[in-house]
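Examination of the molecular architecture
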Amino acid sequence: MDAKAIVMFGEIGGDLEIRAAKWIKENCKKPVVGFIAGETAPKGRTMGHAGAIVSGADESAAAKKKVMRECGIHVLDSPATIGAKVKGVLG
């Protein structure tokens, strides 16, 4: 079965979501719905594992969501709304 849309989950810390968003903008033809976990995590505090620490402003949830939106990704604030958003995007 060929997927009609892509759902991208990410988290605070690191730059992989930003790199993925830029790749998606240049290479992906399918709609992408995204969510970044960790929006309410205390700044500078490790949450769960070493990769989840925000060491710079570009690694915050807000910064990642901004870049994702600029790259055409439909960004959500809650994972609970993913199904409805995918349905809406697909029409």
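Residues numbered from 1 in each chain as written. Predicted model: local features only at pLDDT ≥ 70, side-chain atom pairs only at ≥ 80, totals over all residues. Heavy atoms only, no water.

Quick look at the overall build of the protein
Threshold: Numbering of helices and strands starts at the N terminus; helices are DSSP runs of H or I of at least 4 residues and strands are runs of E of at least 2. Residue-level accessible areas treat just the shown protein chains as cover; the underlying method is Shrake-Rupley with a 1.4 Å probe.
Helix and strand content of the protein: three helices and three strands. For the protein, the N- to C-terminal ordering of α and β elements is β-α-β-α-β-α. Of the roughly 5,800 Å² of accessible surface on the protein, a fraction of 57% belongs to carbon and sulfur atoms.

Some details on the environment of Cys 28
We count it as follows: For this analysis, residues touch if any pair of their heavy atoms sits within 4.5 Å.
Assignment of secondary structure puts Cys 28 in the loop between helix H1 (16-27) and strand S2 (32-37). Setting aside residues up to four positions removed in sequence, Cys 28 forms contacts with Ile 6 and Trp 23.

What to know about helix H2 (residues 61-70)
Our working rule: Type-normalised accessible area, obtained with a 1.4 Å probe on protein chains alone, sets the label of each residue: buried when under 20%, exposed when over 50%, and partly exposed for intermediate values.
Considered for burial, the residues of H2 that qualify are Ala 61, Ala 63, Lys 64, Lys 65, Val 67 and Met 68. Buried positions along H2 lie against strand S1 (6-11), H1, S2 and strand S3 (74-76). Remark: Gly 72 follows H2 within two positions and exhibits a positive phi of approximately 90°.

Quick look at the pattern of salt bridges
Here is the rule: Note on definitions: salt bridges are taken to be side-chain nitrogens of Lys or Arg within 4 Å of carboxyl oxygens of Asp or Glu.
Summed over all chains, the structure comprises five salt bridges. The salt bridge involving Arg 19 is made with Asp 15; its shortest N-O contact spans 3.6 Å. Its relative accessible area of 53% is what places Arg 19 among the exposed residues. On the basis of relative accessibility, which here comes to 38%, the residue Asp 15 falls in the partly exposed class. Connected through shared salt-bridge partners, Glu 39, Lys 65 and Asp 77 make up one network.

Some thoughts on the confidence of the model for the protein
Should pLDDT be low for a region, the predicted coordinates there are not to be read in detail. Cut-off, in case you're wondering: Confidence scores here are pLDDT values: one per residue, from the predictor, ranging 0 to 100.
Across the protein, the average pLDDT comes to 86, with 82% of residues at or above 70. Across the protein, the element-wise mean pLDDT spans from 93 in S1 up to 97 in S3.

Digging into the packing of aromatic side chains
This is how the line gets drawn: Only rings of Phe, Tyr and Trp enter the pairing, Trp through its six-membered ring, and a pair is recorded when the two centres are within 6.5 Å. The plane angle decides the type: under 30 degrees is stacked, over 60 is edge-to-face, the rest tilted.
In the structure shown here, the tally under the stated rule is one aromatic pair. Where Phe 9 meets Phe 35, the ring centres are 6.5 Å apart and the plane angle is 75°; that geometry is what we call edge-to-face. With Phe 9 in strand S1 and Phe 35 in strand S2, the pair connects residues that are 26 residues apart, well separated along the chain. Residue classification places Phe 9 among the exposed residues on the basis of a relative accessible area of 55%. Owing to a relative accessible area of 12%, Phe 35 belongs among the buried residues under this scheme.

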